[in-house]
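One letter stands for each residue in the lines below.
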Amino acid sequence: MDKRTYLQIYENVNDPENIDDLALKFNEPAGVIAAILNQKIVSKVKRKMHSLQSKSRNYLYLWNKGISIIVLAKDNEVPATLMASVIIKELGYSKKYVLKHLDSLEDKRLAREITEAINEDHFFSPEAHKAQSIRGQMGEEIIEKWLKYKELGFSTEEDLREMGMQKTPDFLLDEPIYVGDVEILWIESKAMFGDEREHAHYLKKQFQYYERDYGTGMVIYWYGHLDSITMDGNIIRDHSFYRDSTPEINMDIEELLNSSI
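Quick caveat, the model's predicted, so the values are computed rather than measured.

Below, the discussion takes up the overall build of the chain. What the chain contains, in helices and strands, is 12 helices and 5 strands. Taking the principal axes of its C-alpha atoms as reference, the chain extends roughly 65 × 45 × 35 Å. The buried share among the 261 residues of the chain stands at 48%. Partitioning the contacts of the chain with sequence separation of at least 6, the portion at a separation of at least 24 is 60%. On the chain, roughly 14500 Å² of surface is accessible, and the fraction owed to carbon and sulfur atoms is 47%. Averaging the coordinates of the 33 positive side-chain charges in the chain and doing the same for the 45 negative ones gives two points 10 Å apart.

Put into structure tokens, the structure is as follows:
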């Protein structure tokens with residue numbers, strides 16, 4: 001995706017309700033718009049975390065005065081479950097305990113508002129994290145099906161960990177394949193949009209070590225990526241790389257791309 005189109009989407013997507021209209025406007029799958037929105041929200045929250053934590057006593061004071069967690073979250077433009085976490089901590093509870101025992105919590109108002117916050121939050125709730133994990137698994141399953149379709153031998157991340165490897169791509173190939181004239185020895189699946197910030201993060205955290213340990217490889221950003229990002233001789237691709245292999249794989253790709261918030 002070119003930078004201009006990306007910035008237009010980024011600036012205009014602010015809420016899950018925007019996703020379908022923007023998908024239609026920019027002729028992109030809903031999942032692509034949702035992925036950009038998710039990364040926008042996460043980036044925004046990271047900038048607000050210090051302020052959120054430093055004002056936690058003020059938020060508890062307002063909550064005790066009757067202002068709900070959802071209203072506090074909206075007024076301060078943060079996800080509802082993060083505001084719930086602030087209130088839980090200030091009350092002296094363990095977040096893990098509270099979430100496990102919502103039905104039996106003595107403070108019924110707190111239990112009710114945490115439940116409302118979880119249902120309201122499309123980005124940081126347990127269900128949101130679960131959905132993101134499922135999307136990640138779907139991407140890896142598509143690659144595994146493709147490798148088997150191509151009759152290519154491979155080791156999975158789990159296999160590599162069992163061998164004692166410290167840095168483990170999702171797939172290490174038994175024999176290299178070539179994409180153009182680039183030798184590919186490993187494949188990494190990312191169920192996200194590859195913007196400059198995310199790419200730089202994973203380049204530093206993962207990709208450079210994969211190249212050091214295994215050679216050149218390929219990163220798949222399932223929801224697309226900026227045309228401008230590069231990886232020094234390695235390959236970056238999106239969902240289109242795996243299309244037109246089998247009907248089952250094409251259906252799986254469509255399901256993943258239309259998996260929205």
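When you tally the buried positions in strand 3 (residues 182-190), you get 8 out of 9 residues, the bulk of the element. What sits between the antiparallel neighbours strand 2 (residues 171-179) and strand 3 is a turn of 2 residues, in which Gly180 has the positive phi angle 65 degrees. The sheet contact formed by strand 3 and strand 4 (residues 217-221) spans 5 bridges and is parallel. Bridged to Ser189 within strand 4 is Ile220. Regarding topology, helix 11 (residues 196-214) serves as the crossover connection from strand 3 to the parallel strand 4, and that connection is right-handed.

Turning our eyes to something else, we now look at the pattern of salt bridges. Any two side chains of opposite charge can pair, so long as their charged atoms come close to each other. One pass over the structure, following the stated rule, counts 11 salt bridges. Of the charged contacts, one joins Glu120 and Lys74 as a salt bridge, the two residues approaching to 3.6 Å between their closest N and O atoms. Here Glu120 is found in helix 8 (residues 108-120), whereas its partner Lys74 is found in helix 5 (residues 69-75), with 46 residues between them in sequence. A residue is classified by how much of its surface remains accessible, and Glu120, at 37% relative accessible area, is partly exposed. The class for Lys74 is exposed, based on a relative accessible area of 56%.

As a further point, take unusual backbone geometry. The phi dihedral of Asn27 is positive, around 55 degrees, even though this residue is not glycine. You can see Asn27 is positioned in the loop between helix 2 (19-26) and helix 3 (30-54). Even without glycine at this site, Asp232 takes up a positive phi of about 45 degrees. Following the sequence through the fold, Asp232 ends up in the loop between strand 4 and strand 5 (235-237). Since its relative accessible area comes to 70%, Asp232 is described here as exposed.

Closest axis-to-axis distance for the helix 3/helix 6 (residues 80-90) pair is 12 Å, and the angle between their directions is 20 degrees. When the interaxial angle is binned, helix 3 and helix 6 end up roughly parallel. Crossing angle aside, the handedness with which helix 3 passes helix 6 is right-handed. Side by side, helix 3 and helix 6 meet where Val45, Met49 and Leu52 of the first sit next to Leu82, Met83 and Val86 of the second. Looking at the contact of helix 3 with helix 6 residue by residue, the classes come out as 6 nonpolar, no polar and no charged.

A word on the environment of Leu102. Looking at the secondary structure, you find Leu102 in the loop between helix 7 (95-100) and helix 8. For the pair Leu102 and Thr115, spaced 13 residues apart in sequence, the C-alpha separation works out to 7.9 Å. What Leu102 contacts, discounting residues up to four positions off in sequence, is Ala111, Ile114, Thr115 and Ile118.

Once that is clear, we can look at the packing of aromatic side chains. Applying the stated rule across the entire model yields 10 aromatic pairs. A ring pair is formed by Trp146 and Phe241, whose centres lie 5.6 Å apart and whose planes are at 55 degrees; its orientation type is tilted. Taken together, the positions of Trp146 in helix 9 (residues 126-149) and Phe241 in the loop between strand 5 and helix 12 (247-257) put the pair 95 residues apart, joining distant regions of the chain. Its relative accessible area of 7% is what places Trp146 among the buried residues. Classification of Phe241 by relative accessible area gives partly exposed; the value is 24%. Judged by centre distance (6.5 Å) and plane angle (50 degrees), the rings of Phe207 and Tyr210 are tilted.

Cut-off values and rules
Residues numbered from 1 in each chain as written. Predicted model: local features only at pLDDT ≥ 70, side-chain atom pairs only at ≥ 80, totals over all residues. Heavy atoms only, no water. Helix = DSSP H or I, 4+ residues; strand = E, 2+ residues; numbered from the N terminus. Buried < 20%, exposed > 50% of the residue type's maximum accessible area, 1.4 Å probe, protein only. Contact = heavy atoms within 4.5 Å. Areas by Shrake-Rupley, 256 points an atom, 1.4 Å probe, with all protein chains shown as cover. Lys, Arg positive; Asp, Glu negative; His and termini not counted. Charge placed at Lys NZ, Arg CZ, Asp CG, Glu CD. Pairing = 2+ DSSP bridges. Right-handed = clockwise from strand over helix to strand, strands pointing away. Salt bridge = Lys/Arg side-chain N within 4 Å of Asp/Glu carboxyl O. Axes fitted to C-alpha atoms, helices over the stretch in contact; angles between N-to-C directions. Parallel < 35°, antiparallel > 145°, perpendicular 65-115°, else oblique. Left-handed = near helix turned anticlockwise from the far one by under 90°. Nonpolar A, V, L, I, M, F, W, Y, C, P; charged D, E, K, R; others polar. Phe/Tyr/Trp six-rings, centres within 6.5 Å; stacked < 30°, edge-to-face > 60°.

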